[in-house]
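So you can see what is in the structure, the chains are spelled out below.
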Amino acid sequence: MLLRARGPDGTFRITVEPADTFASFGQKLSEVLPDNVDYNTLTLSNAPAGGDVKLLKDIVKYKVSQIGLSHGDIIFLNYKYNDASTNGHANGATSIPTPSQPLVTSTNRLNGQAVLPTDNLPQDPLPVTSPTERIKNPWEVVRQSPLDDRLDKQSGKIPRKFDQKMCRHGAKGMCDYCMPLEPFNAEYLAEKKIKLMSFHSHLRKINSATNKPELGSSFMPPLSEPYYRVKKDCPSGHQPFPAGICTKCQPSAITLQPQTFRMVDHVEFADASLIENLLNFWRLSGCQRGAFLYGRYAEYTEVPLGIKAVVEAIYEPPQTDEIDGVTFHDWENEKEVDEVAKLCGLQRVGVIWTDLIDAGAGDGSVICKRHIDSYYLSSLEVAFAARLQAQHPKPTKWSDTGRFGSNFVTCVVTGDEQGQIAISAYQVSNSATEMIRADIIEPSADPSVMLVRNEEDEGETRTRYIPEVFYRRINEYGAAVQENAKPSFPVEYLIVTLTHGFPSDPKPAFVAKPPGFPIENRAVIGQDQDLKDLGKRIGYKNGQLEKSSDAIVGVSDFHLLCFLHGYGLLSKDEEALLCRVATEHDTADGFQLLSTPGWATLLAILQSTGERTPKRPSPFDGDGSSNNDERLAKRVGGVRLE
């Protein structure tokens, strides 16, 4: 088809095919335009002024037919000219775009070299400190998780069957009573008793209101994280805070509302033994226990476009356990444990702790501390969960900052209203995470309320700005009223509840036979990790492995893998093979592992540690109690007093 390009240097006729890209169109333009045209500034528009303007370098990968151009259309060009000193080149890049080397935006440059859109890009953008520091075209720069990419490609529509009463069309027709529903449909969620919509359903809802492709407007990222801190580099020109502040840089008033969506919808524990091992510490010591959850994120089909966290392992870091709480200490091998989890295809997905008090009935029942009349998560726990979520942001290309919320979950093992041990799963809202990050709120002695900080307490050393905080509630007359959150407000406004459960057909990644390898950091109850325990788990006895198959199954234990990683006996390739054997249980890989030099070194160390020689059986040993009594009498008779 023929396109007319009108610019400062006249009108040119360009012949292109509908399947050609704008990179090819730019190549043909370069043949007719002056040599000193700066193609980085070349723009295309559908009108001489006030139309939709696009940079050529931003649309080089799109086809001409995708923009809606047809035969005979006029494209209005605008561009600038290069200086003579640059000789038509800038930053070492040619000024003429070619199909083999398309133009790319400056956001796609790493270390000064052009990076094509198909190349691997950073998965997580740099942290931002101000809402003014936006990422240009985050859909090109930010690399999401593969799960988010799959959910983005799904329509999310909820199919409905033919309604015998209301539908009046044929089998191939469709009407308002049988057409698919949107994933955020409120009536469907209420019918299925889904309390909150999923993150991707929320994304579809706000994107439909933010971007309307039928109007031809440019795309805008629909997500924006809350920001409650004073903006830096205010354009008003006054001194930085706290010396100066104005309406442009100060945060607006905050109105707290329950979050209508959740980043993760469900928490699934791959095997019940994970919780049992955690409970065994409380049963043996009477003290509480905390740990981190390692697993993966998967699609949750019970909720439209839902996400679930599948927990495969629980790691207990160094801590001080008490009857009423847990104190975490410095975790020196944190990076090493995360590295082992990464080799197993896992990541840290959450945190869990116990809050149990025996009811004293002798039947295993516990006291119900957390209920509707007390609290579900205390203010201190909300602050702790918010800090962890801030440390694990979720990268997404739909946010102007490249990140939005967090998939990190919080689980509490406590007593329910029936006195049984139950699990509760939560997240805190994005507003709670930002308020903790901005140091606006702090925990209180009352676990059911959160305190709003008072900036007057700082005196002359003022370092933070505390905006007005409000929350809405239903008063005694049934009316929705707005109240000031100072000095305190209920923590329920910051909590997002999740569902949890166990699979009906468990297929855990780690399948070592019970009792398994000893759990780390349990010396307080007399449980330590040792090489002898490692030998028992892999079936090493009398200087050799009893069964190779037992060794392959025995290494399928996350605690054992972390213990071996601490010794550093295996090379990186051997350790990767070990983790693959532990999670995939492939016999061929298992025998390959048994023939590696690192495994031979491990067996040599086990042999050097030695085994205690069994005692020689005594002739007085017998099965009956009379023999034991006779042996004891002879020992006493052999004692003579001088």
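(A) Seen up close, the overall build of the protein chain. Scanning the protein chain from N- to C-terminus turns up 16 helices and 28 strands. Out of the 642 residues belonging to the protein chain, those deemed buried represent 42%. If you take every contact in the protein chain between residues at least 6 apart in sequence, the share linking residues at least 24 apart comes to 66%. Approximately 35,300 Å² of the protein chain is accessible, and the part contributed by carbon and sulfur atoms is 50%.

(B) Quick look at the packing of aromatic side chains. Scanning the model with the defined rule gives 16 aromatic pairs in all. Between phenylalanine 22 and phenylalanine 25 the ring centres are 5.9 Å apart and the planes differ by 75°, which places this aromatic pair in the edge-to-face class. Of this pair, phenylalanine 22 and phenylalanine 25 both sit in helix α1 (residues 22-30), three residues apart, roughly one helical turn. The exposure class assigned to phenylalanine 22 is buried, which follows from its relative accessible area of 2%. What makes phenylalanine 25 buried here is its relative accessible area of 1%. Centre to centre, the rings of phenylalanine 261 and phenylalanine 404 are 6.1 Å apart; their planes meet at 20°, and the pair counts as stacked.

(C) Examining the sheet that holds strand β22 (residues 449-452) more closely. Strands sit in the order β21-β22-β25 across an open sheet of three strands; the sheet is antiparallel. Where the open sheet ends on each side, the last strands, each with one partner, are β21 (441-443) and β25 (488-490). Within the sheet, the average angular offset between the axes of one strand and its neighbour, ignoring direction, is 35°. Pairing between β22 and β25: three bridges, direction antiparallel. By the bridge assignment, leucine 451 is partnered in β25 with serine 488.

(D) Representation of the pairing of β22 in the model. As defined by bridge partners, β21 adjoins β22 across three bridges and the pair is classed as antiparallel. Bridging from a neighbouring strand, proline 443 pairs with methionine 450 of β22. Counted between consecutive antiparallel strands, the loop separating β21 from β22 contains five residues.

(E) Looking closely at the sheet that holds strand β1 (residues 2-7). Spatial strand order, β2-β1-β5-β3-β4: five strands in an open sheet with mixed pairing. Each edge of the open sheet is held by one strand with a lone partner, namely β2 (10-15) and β4 (53-55). For this sheet, the mean inter-axis angle between neighbouring strands, taken without regard to orientation, is 30°. Pairing geometry for β1 and strand β5 (residues 74-81), over three bridges, is parallel. Following the sheet pairing, arginine 6 is matched in β5 by phenylalanine 76.

(F) Looking closely at the packing of helix α8 (residues 379-391) against helix α9 (residues 430-437). Interaxial distance between α8 and α9 falls to 9 Å at its minimum, and their mutual angle equals 90°. Between α8 and α9, the angle falls in the class roughly perpendicular. Of α9, the residues touching α8 (which contributes Ala383, Ala386, Arg387, Gln389 and Ala390) are Ala432, Thr433, Ile436 and Arg437. Each residue belonging to the contact of α8 with α9 can be placed in one class, and the counts come to five nonpolar, two polar and two charged.

(G) Structural view of α8. With 13 residues, α8 should cover 18 Å at 1.5 Å per step; its first-to-last C-alpha distance of 19 Å lies within 8% of that length. Burial in α8 covers these residues: Ser379, Glu381, Val382, Ala383, Ala385, Ala386, Leu388 and Gln389.

(H) Representation of unusual backbone geometry in the model. In this chain, lysine 486 is followed by proline 487 through a cis amide linkage whose omega measures 5°. Counting through the fold element by element, proline 487 comes out in the loop between β24 (480-484) and β25. Proline 514 connects to proline 515 through a cis peptide bond whose omega is 10°. With phi around 60°, lysine 193 is a residue other than glycine that occupies positive phi space. Mapped onto the elements of the fold, lysine 193 is located in the loop between α4 (186-191) and β8 (197-198).

(I) Fine view of the nonpolar core. One finds Ile440 and Phe558 to be the most contacted residues of the largest nonpolar core, which totals 69 residues. The greatest single-element share of this core, amounting to six residues, is contributed by helix α12 (residues 558-567). Counting residues in each nonpolar core, the second largest holds 30 residues, with Leu151, Tyr297, Ile352 and Leu356 among its members.

(J) Main features of the environment of tryptophan 282. You can see tryptophan 282 is positioned in helix α6 (residues 273-285). Between the alpha carbons of tryptophan 282 and isoleucine 357 there is a distance of 9.4 Å; along the sequence they are 75 residues apart. When near neighbours in sequence (up to four residues on either side) are disregarded, tryptophan 282 contacts Cys287, Gln288, Leu356, Ile357, Asp358, Val366 and Ile421.

(K) Representation of the pairing of strand β19 (residues 409-415) within the structure. Along β19, seven of the seven residues are buried, which leaves the element largely enclosed by surrounding structure. Taken together, the six bridges between strand β16 (residues 347-355) and β19 define a ladder with parallel strand orientation. Within β19, the position partnered with threonine 354 by the bridge is valine 413. Direction of pairing for β19 relative to strand β20 (residues 421-428): antiparallel, over a ladder of six bridges. In the sheet register, cysteine 411 faces β20, and the bridge partner there is alanine 425. Turn length for the β19-β20 hairpin, with the two strands adjacent in sequence and antiparallel, is five residues, and the turn residue glycine 419 shows positive phi of about 80°.

(L) Region of the structure containing the side chain of glutamate 574. When you line up the elements, glutamate 574 lands in helix α13 (residues 572-584). Although buried, glutamate 574 forms no salt bridge, and the nearest oppositely charged side chain, arginine 580, lies 12 Å from it. For glutamate 574, the side chain forms a polar contact with the main-chain nitrogen of serine 571, separated by 3.0 Å. When near neighbours in sequence (up to four residues on either side) are disregarded, glutamate 574 contacts Leu569, Leu593, Thr596, Pro597 and Gly598.

(M) Spotlight on the confidence of the model for the protein chain. Averaged over every residue, the pLDDT of the protein chain is 83; the share at 70 or more is 85%. Taken together, the stretch residues 84-132 has pLDDT below 50 and engages in 81 contacts with residues farther than four places along the chain or on a different chain.

Cut-off values and rules
Residues numbered from 1 in each chain as written. Predicted model: local features only at pLDDT ≥ 70, side-chain atom pairs only at ≥ 80, totals over all residues. Heavy atoms only, no water. Helix = DSSP H or I, 4+ residues; strand = E, 2+ residues; numbered from the N terminus. Buried < 20%, exposed > 50% of the residue type's maximum accessible area, 1.4 Å probe, protein only. Contact = heavy atoms within 4.5 Å. Areas by Shrake-Rupley, 256 points an atom, 1.4 Å probe, with all protein chains shown as cover. Phe/Tyr/Trp six-rings, centres within 6.5 Å; stacked < 30°, edge-to-face > 60°. Pairing = 2+ DSSP bridges. Axes fitted to C-alpha atoms, helices over the stretch in contact; angles between N-to-C directions. Parallel < 35°, antiparallel > 145°, perpendicular 65-115°, else oblique. Nonpolar A, V, L, I, M, F, W, Y, C, P; charged D, E, K, R; others polar. Expected span 1.5 Å × (residues − 1). Core = buried A, V, L, I, M, F, W, Y, C linked by side-chain atoms within 4.5 Å. Lys, Arg positive; Asp, Glu negative; His and termini not counted. Salt bridge = Lys/Arg side-chain N within 4 Å of Asp/Glu carboxyl O. Polar contact = N/O pair within 3.5 Å; in protein donor to acceptor, adjacent residues only side chain to side chain. pLDDT = per-residue confidence, 0-100.

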